[in-house]
Amino acid sequence: MYLDVAKKKEIFEKYGKSNTDTGSPEAQIALFSYRISHLTEHLKLNRKDYTTERSLTILVGKRRRLLNYLKERDIERYRAIIKTLGLRK
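Parameters and conventions
Residues numbered from 1 in each chain as written. Predicted model: local features only at pLDDT ≥ 70, side-chain atom pairs only at ≥ 80, totals over all residues. Heavy atoms only, no water. Helix = DSSP H or I, 4+ residues; strand = E, 2+ residues; numbered from the N terminus. Buried < 20%, exposed > 50% of the residue type's maximum accessible area, 1.4 Å probe, protein only. Contact = heavy atoms within 4.5 Å. Areas by Shrake-Rupley, 256 points an atom, 1.4 Å probe, with all protein chains shown as cover. Lys, Arg positive; Asp, Glu negative; His and termini not counted. Charge placed at Lys NZ, Arg CZ, Asp CG, Glu CD. Polar contact = N/O pair within 3.5 Å; in protein donor to acceptor, adjacent residues only side chain to side chain. Salt bridge = Lys/Arg side-chain N within 4 Å of Asp/Glu carboxyl O.

Draft legend 1. The overall build of the protein, seen in detail. Secondary structure assignment for the protein yields four helices and zero strands. The order of helices and strands in the protein, counted from the N terminus, is α-α-α-α. For the protein, the spread of C-alpha atoms along the principal axes amounts to about 40 × 30 × 20 Å. Taking all 89 residues of the protein together, the buried fraction comes to 31%. In the protein, the proportion of contacts linking residues at least 24 apart, taken out of those at least 6 apart, comes to 45%. On the protein, roughly 6,400 Å² of surface is accessible, and the fraction owed to carbon and sulfur atoms is 51%. Taking the 21 positively charged and 11 negatively charged side chains of the protein as two groups, their mean positions are separated by 5 Å.

Draft legend 2. The environment of T20, seen in detail. Note on placement: T20 falls in the loop between helix 1 (5–15) and helix 2 (25–45). Spatially, the C-alpha atoms of T20 and V5 are 11 Å apart, while their sequence positions differ by 15 residues. A distance of 3.2 Å separates a polar atom in the side chain of T20 from a polar atom in the side chain of S18.

Draft legend 3. Spotlight on the pattern of salt bridges. Going through the model one piece at a time under the given rule, you end up with four salt bridges. Put simply, R77 and E26 hold a salt bridge, and the shortest N to O gap is 2.5 Å. Pair noted here: R77 is in helix 4 (residues 75–85) and E26 is in helix 2, with a separation of 51 residues, a long-range link. Classification of R77 as partly exposed rests on a relative accessible area of 33%.

Given below as structure tokens:
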């Protein structure tokens, strides 16, 4: 399994306030970005997997909404997470 409990804790510890901070927008955006990169690699090998393609589209939309929320609430945190994850807009 590509995303186990240890990997989630590592992501939450790096981007959240602690390893149990699963609710902050930064932690959720980081987790979604990790899942998006994994699904993107899967789709490069299995280009006719339409269910995964739909899941990827849904995840990108969720991440986009969280990024918009963070941009409205605190522009500095938004800029920081964009820079650390290497996202572009």
